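One-letter residues, chain by chain:
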Amino acid sequence: MIKIPYLAALTTLFSYGLLFVFGQLRDFFRKIFDCWSHSKLQGYAPICLGLEDFYIRRLYLRIQDCFNRPISSPPDAWFDVVERVSNDNNKTLKRTTKVSRCLNLGSYNYLGFAAADEYCTPRVIESLKRFSPSTCSTRVDGGTTTLHTELEESVANFVGKPAAVVFGMGYVTNSAILPVLIGKGGLIISDSLNHNSIVNGARGSGATVRVFQHNTPYHLEKVLREQIAEGQPRTHRPWKKIIVVVEGIYSMEGELCKLPEIVAICKKSKAYVYLDEAHSIGAVGKTGRGVCELLGVDTADVDIMMGTFTKSFGSCGGYIAGSKELIKYLKYTCPAHVYATSISPPAAQQIISSIKVILGEDGSSRGAQKLARIRENCNFFRSELQKMGFEVLGDNDSPVMPIMLYNPSKIPAFSRECLKRNVAVVTVAFPATPLLLARARICISAAHTKEDLIKALEVISRVGDLVGIKYFPAEPKKQQLEETRVKFE
Amino acid sequence: MANLYVQAVPPTDLNRNTEWFTYPGVWTTYILILFFSWLVVLSVFGCSPGMAWTIVHLSHFFVTYQCFHWKKGTPFSDDQGIYNRLTWWEQIDNGKQLTRNRKFLTVVPVVLYLIASHTTDYQHPMLFLNTLAVFILVVAKFPNMHKVRIFGINADQ
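Rules of the game
Residues numbered from 1 in each chain as written. Chains lettered and ligands numbered in written order. Predicted model: local features only at pLDDT ≥ 70, side-chain atom pairs only at ≥ 80, totals over all residues. Heavy atoms only, no water. Helix = DSSP H or I, 4+ residues; strand = E, 2+ residues; numbered from the N terminus. Buried < 20%, exposed > 50% of the residue type's maximum accessible area, 1.4 Å probe, protein only. Areas by Shrake-Rupley, 256 points an atom, 1.4 Å probe, with all protein chains shown as cover. Pairing = 2+ DSSP bridges. Right-handed = clockwise from strand over helix to strand, strands pointing away. UniProt positions renumbered as here; feature names shortened; annotations may be inferred. Patch = residues over 30% accessible without salt bridge, like charges linked within 9 Å, V, L, I, M, F, W, Y side chains within 5 Å. Salt bridge = Lys/Arg side-chain N within 4 Å of Asp/Glu carboxyl O. Lys, Arg positive; Asp, Glu negative; His and termini not counted. Charge placed at Lys NZ, Arg CZ, Asp CG, Glu CD. Contact = heavy atoms within 4.5 Å. Buried area = accessible area lost by both parts, 1.4 Å probe. Polar contact = N/O pair within 3.5 Å; in protein donor to acceptor, adjacent residues only side chain to side chain. Nonpolar A, V, L, I, M, F, W, Y, C, P; charged D, E, K, R; others polar.

## Notes on the overall build of chain B
- Per the secondary structure count, chain B includes five helices and one strand.
- In sequence order, chain B lays out its α and β elements as β-α-α-α-α-α.
- Taking all 157 residues of chain B together, the buried fraction comes to 43%.
- When the accessible surface of chain B is summed, it comes to about 8,700 Å², and 68% of that surface belongs to carbon and sulfur atoms.

## What to know about the pairing of strand E7 (residues 242–247) of chain A
Residues and elements named next belong to chain A.
- The element E7 is extensively covered by neighbouring structure, given that six of its six residues are classed as buried.
- Of the two faces of E7, the one holding Ile 242, Val 244 and Val 246 and the one holding Ile 243, Val 245 and Glu 247 are both buried throughout.
- Examined bridge by bridge, strand E5 (residues 187–191) and E7 share four bridges and lie parallel to one another. Among the inter-strand pairings, Leu 187 is bridged to a residue of E7, identified as Ile 242.
- Here E7 pairs with strand E8 (residues 272–276) via five bridges, running parallel. Opposite Ile 243, over in E8, you have Tyr 272 as the bridge partner.
- In this view, the connection linking E7 to its parallel neighbour E8 by way of helix H8 (residues 259–269) has right-handed handedness.

## Side note on the UniProt feature "transmembrane region" (unreviewed entry) in chain B
- In this structure's numbering, the residues bearing the UniProt feature "transmembrane region" (unreviewed entry) are residues 20–45, 104–120 and 126–143 of chain B.
- Taken as a whole, residues 126–143 of chain B contains 83% helix and 0% strand, while its terminal C-alpha atoms sit 29 Å from one another.

## Focus: a positive patch on the surface
- A contiguous patch of positive charge on the surface is contributed by A:Lys184, A:Arg234, A:Arg237 and A:Lys240.
- Looking at where A:Arg234 falls in the secondary structure, it is placed in the loop between helix H7 (217–230) and E7.

## What about the interface of chain B and chain A?
- The partner chain A presents 39 residues to the 35 residues of chain B that form the contact.
- A buried area of about 3,400 Å², summed over both sides, lies between chain B and chain A, and 68% of it is on carbon and sulfur atoms.
- Among the residues chain B hides against chain A, the three largest losses belong to B:Tyr5, B:Arg16 and B:Pro75. Together they make up 19% of the total.
- Connecting chain B to chain A are zero salt bridges.
- At the surface where chain B touches chain A, the tally comes to six residue pairs in polar contact (both at pLDDT 80 or more).
- Of all the secondary-structure elements, those providing two or more residues to the side of chain B that touches chain A are strand E1 (5–8) and helix H1 (26–45) of chain B.
- In terms of residue count, H1(B) provides more of the side of chain B that touches chain A than any other element does, five residues in total.
- A breakdown of the residues in the side of chain B that touches chain A according to their chemical character gives 19 nonpolar, ten polar and six charged.
- In this structure, strand E1 (residues 2–5) of chain A lies alongside E1(B), joined through four bridges in antiparallel fashion. Its bridge partner lying in E1(B), A:Lys3 is registered against B:Gln7.

Here you go:
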């Protein structure tokens, strides 16, 4: 349920209509000019069909300088953003040698492992010297080192499942596993706001895909009952397998999944549950074990748990955790295991060390401190933003907070004004989000100190006033409340 | 007015090209755009109100025919071209016919036609042009015309 201010909806639709009309006009004139000039490629088919690249050419390129900003330092709490200039109105951007030191509110650096860490980095350098940067082979041929087996055991232990398998890339984990788990004659029911990797994997599997309303358990139940009653399309035979795919934290909404209800429904209908914990593993839960720990769901009830190491562990790659038979089957069949290069050894060592820090096995309490700090930081930041009158999505305890912008012109305004004041934010627009609901997504990290957060709040408040995105009434400050209370007495 | 909020349930439509049409405020924006374009035409051309309504009706015909029934596919390539053979009208609501959105979009040109012909007192040649426009638009929106390409016009190779 999103609350949209009605006037913002009307103006957003009107702005997009205007942008669309201007884009079409420009295309029309471009077609006329191109008729006159001769193309050197006579007889070749065009790369893009007529309408396919319209959005990129006429809308995205106008505000291209707000996306893909190059950085020249590790993505810690403060980092260096390279400045770019454009001579032809944002059609092409050139990097300059100037950098500006900005506060990083965009990296998925939830526990602060993205920059050099006193426990992890020496061990990573040592494993780099010992094992070399790449295994240069697939897991099956010669790419399984002692680090890989140690990593899989440590991940399985951390997540709470009997066994785990690790891949070199997070996106590939979803898109290469789903086709292996389910095929034609099966049914995948996925949340309407699932990540592109899941959508890709589901499409590639050949199974029938149905979508249920985002995070709405009763709609999931309705869809399940309908589909089980109808059976496969056209033959109406019973489904071979049903998998329900949900995410732990949805990266565009910052919402936690309603896991207990969904698991209960799936148990009733004997459907398998596939939980994608890309953003929640390591970042939520008392000991960082993810959304199952936070919501009190037994990990034995979730059949397949997937996650990535890019967010909380400061590395790269993804894992699948499940029962021993499942992991054994995956190791024989999954193309990402059999044909793709295994995860790089220093990256594997980084994950092993960061898991040790989180669990406190390195002998210090830094892990528990980091977890407590990220929880405090994100709750503080979210409540302050809401008090200022911004529309912030997401649940408490979730380190991802999108601030709603709605209008397409506020996206570059917010992004550029924040960059001028040395705060780097990530803005997201259509087609990654629905058309009306453009937003700026803030990711809080354990590496942010209280001063960083207060500076960020000041800058965002100032820019929010300039751009006009304080859609909700702001709460009056405490002093004014106390004054009115005194007057009554 | 600024404190009016609407609740929006995220729709289950996976096609990003058409799911924006299920959000609140779309119908109002559509009607407001038509009304304001009538005012703009009146002020720019300085013609009679009936003539202005006829101009709005005919330009609405051209624009909506081009956007809804001629252009096929989606303006971005993320969906790998699965909608490349379908016009926007055939894509909305996942191809389900006779939904609320489709009924609304069918009624709008008819209402515009009635206003245009009433305010021009049913005179020719405006009446003929208006009738032709509304006939083409309404026939194009029939459920029986789903994925039909008459005489191969606008069909793929």
